[in-house]
Amino acid sequence: MGDYRAPLTDMRFVLEHVVDTGALAELDGFEHADPDTVHGLLEESGRFFAEQFAPLNRVGDVQHSRRNDDGSVTTPEGFPKAYQRYVEAGWPAVPFPPEYGGGGFPWLVGVAMQEVMTAANMGFSVCPLLTQGAIDMLLHHGSEEQRETYVTKMVAGEWTGTMNLTEPQAGSDVGALTTKAVPADDGTWRITGQKIFITYGEHDLADNIVHLVLARVPDAPPGTKGISCFIVPKFLVDDDGNLGAHNALECVSIEHKMGINASPTCVMAYDGAVGYLIGEANQGMRYMFTMMNNARLSVGLEGLAIGERAYQQAVAYASERRQGRAPGAAADSAIIDHADVRRMLLTMKSQIEALRCITYLNAESIDLAKRAPDESLRQARQELADLLTPISKGWGTDLGVQLASIAVQVHGGMGYIEETGVAQHYRDIRIAPIYEGTNGIQAMDLVGRKLPMRTGGVIADFLAAIDATASEATAEGGDLAELGGQLSDALVTLRQTTEWLLANGRTDPNNALAGASPYLEMLGIVTGGWLLTRSALAAASLRAGGGDRDGFSDDFLAQKLVTARFYATQLLPRAAGLASAATAGPTDLFAATF
Ligand SMILES: Cc1cc2nc3c(=O)[nH]c(=O)nc-3n(C[C@H](O)[C@H](O)[C@H](O)COP(=O)(O)OP(=O)(O)OC[C@H]3O[C@@H](n4cnc5c(N)ncnc54)[C@H](O)[C@@H]3O)c2cc1C
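Read on for an overview of the structure. Everything numeric in this text was worked out from a predicted model, so none of it was measured.

### Let's talk about the packing of helix α6 (residues 107–120) against helix α10 (residues 339–371)
What describes two packed helices is the angle between their axes and the distance between those same axes.
Here is step 1 of the chain: Look at α6 against α10: their axes get within 8 Å of each other, and the N-to-C directions meet at 150 degrees. When the axes of α6 and α10 are compared, the crossing they make is right-handed. From α6, Trp 107, Leu 108, Val 111, Ala 112 and Glu 115 reach across to α10, where they touch Arg 356, Tyr 360, Ala 363, Glu 364, Ile 366 and Asp 367.
Here is step 2 of the chain: Grouping the constituent residues of the contact of α6 with α10 by class yields seven nonpolar, no polar and four charged.

So this is what it looks like as structure tokens:
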């Protein structure tokens, strides 16, 4: 089955030498989050999730959550106890504001912790992930009273949260939802309708579930302009915070699905349930946008987390399984000694490192966009977070599926057999390109909203930053110069393709939309190459500096150049191959008959 261990050294390297946790600790409110404290926290949480949740991963897959005849839901054996320990240890609170009992750590630290939690047990991790989305929404748009009533309990993990958007006719097109909200005499609302696919819509882990439900008030305008957001708790809460009657809502069934079987995916029926309006009516969609970057980044992170777990398992299997004789070997070889198996493992390793850099940079940008003392830096980082989000989500989750698939391949036939556990990773991660905005929607967001930001100025600045790294590497000479040259080459085609999409998307949106997905992949691949080059530069500088190399072994640092070189030689050139698809336009797509 393979044990999971948090890749703490790799995480620390990215946190301290690709992004800058130390600089975050100098910001107001983050003084306690110095690199040593952060590392200690990640070490402790890594141990916790590996010990408490990783062993339950297979249990959850086999047992599934089950709905009982009375509408209650029983999670797999061991889950309630492990959840209790998770709450007692204070892990749910880490990245939230101290006013609500949170640890006040940067989002970046929460994201690094989330990587480990998700790798340990993705079927569990989506419960805190959805709760985080609900907390985010309430912190931004809830009234003071609503925040006091709900957020403190949710930050502590005593109550969990859900996000209820989807209805049978309203998936990607959220504006098609029909759930109704009518005002009651006492200022509350009555919510009626059916929601589908609601993650942890019902369960036995916590005392209450705070559903955030999108619905339409009477006379709401059609489409997304007429959506309002309501708090609809499973149990009503009195003025003193005590739980009262069961609200008029029920989990009417649980979906049978391909993966993350521990997570109950619920059909929820609301039948005149008491709801409380968040903010103003008809502003629900605008409010959803404020929490979208965080939620989408968290889903992108699932690609990284499951990729890492599948990679660890693939390395362990390849080290033990003996087949054939590698050239020059005297006896049968472990398959890890065969060139093609090493190619698969290094394909995984290098892309995992690239994706860790991208997602952590995305998280750091979210922190700096909020907290940097300087307005222009705040704006620049907000723009960077906006641009990186579809890459983290879209490229990250597509990659997660590919990485899990490679891990199956490394296992040969045993990869296809459930008992090795590697097939579970492949099944589990397959949802990530679908939910939280399908990857098609991410690509459309990238070309339709993000490229045109500041009339192309944001993407131009981004490409200039990549160019600067390429020049820096070239100036170093040797292997690093080769990396710089390869990055420069990739950038030429990326820049041309970007300019084509910006210019031709203006004349006919379908020009850009037809090439959106190949473009997202292209941008993801080059962004990965950029950050691996930065990572190689940082490693080279630590090695050259001598001393204790900030606690990293010379071998570990030397490996950073190997992964960057492999990526630049074998994976980065694929970006240029996508230019033709990204700029082909829609003619054939609409000439084809199906
Ligand atoms: C396990 C699981 C958990 C989930 N958890 C939640 C949850 O907690 N809360 C919640 O509200 N929802 C949840 N969802 C729902 C999920 O967010 C939706 O499935 C997702 O948004 C896609 O909607 P859909 O399934 O209706 O697909 P559709 O919207 O029908 O999409 C089908 C295909 O068409 C494409 N497509 C659709 N519209 C366009 C367009 N305009 N342009 C180009 N392509 C388009 C899509 O990219 C996709 O490839 C969950 C789903 C699953 C399976």
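There is more to say, and it comes next.
### Considering the site of the ligand
Here is step 1 of the chain: Close to the ligand lie 18 residues, the nearest being Met 163, Thr 166, Ser 172, Phe 197 and Thr 438.
Here is step 2 of the chain: Between the ligand and the protein, one listed contact pairs an oxygen atom with a backbone N or O atom of Leu 165 at 2.8 Å.
Here is step 3 of the chain: Within the contact set of the ligand, an oxygen atom lies 2.6 Å away from a side-chain nitrogen or oxygen of Thr 438.
Here is step 4 of the chain: Burial of the ligand by the protein amounts to 61% of the accessible area it has alone, namely 980 Å².
Here is step 5 of the chain: Counting only elements with at least two residues in the shell around the ligand, the list comes to β3 (159–164) and β5 (189–199).
Here is step 6 of the chain: Among the elements that line the shell around the ligand, the one with the most residues is β5, at three residues.
Here is step 7 of the chain: Among the residues forming the shell around the ligand, the class breakdown is nine nonpolar, seven polar and two charged.

### Quick look at the pairing of strand β4 (residues 180–183)
Here is step 1 of the chain: Sheet topology places β4 next to β5; four bridges connect them, and they run antiparallel. Across the sheet, Ala 181 pairs through a bridge with Ile 191, a residue of β5.
Here is step 2 of the chain: Here β4 folds back onto β5 in antiparallel fashion, the turn holding five residues, of which Gly 187 has a positive phi close to 90 degrees.

Rules used throughout
- Starting afresh in each chain, residues are numbered from 1 along the sequence in its written order.
- Reporting of local features is limited, given that this is a predicted model, to residues whose pLDDT is at least 70; pairs of side-chain atoms are given and counted only at 80 or more, and all residues count toward the totals for whole chains, interfaces and linings.
- Side-chain descriptors were evaluated using all non-hydrogen atoms of the structure, hydrogens and water having been removed beforehand.
- Throughout, an axis means a line fitted to C-alpha atoms (over the contacting stretch in the case of helices), and angles, computed between N-to-C directions, take values from 0 to 180 degrees.
- Every helix listed is a DSSP run of H or I at least four residues long, and every strand listed is a run of E at least two residues long, numbered separately from the N terminus.
- We call a crossing left-handed when the near helix sits turned anticlockwise from the far one by less than a right angle, and right-handed when that turn is clockwise.
- For this analysis, residues touch if any pair of their heavy atoms sits within 4.5 Å.
- Note that Gly is not counted as nonpolar here; it falls among the polar residues with everything else outside the nonpolar set of Ala, Val, Leu, Ile, Met, Phe, Trp, Tyr, Cys and Pro and the charged set of Asp, Glu, Lys and Arg.
- Only a single heavy atom is needed: when it lies within 4 Å of a molecule or strand, its residue is near that molecule or strand.
- Definition of a polar contact: a pair of N or O atoms within 3.5 Å, with one able to donate and the other able to accept a hydrogen when the atoms are protein atoms, and with sequence-neighbouring residues admitted only if both atoms are side-chain atoms.
- Residue exposure ignores everything except the shown protein chains as possible cover, and the areas themselves are Shrake-Rupley values with a 1.4 Å probe.
- By the convention used here, strands pair only if DSSP detects at least 2 bridges between them.

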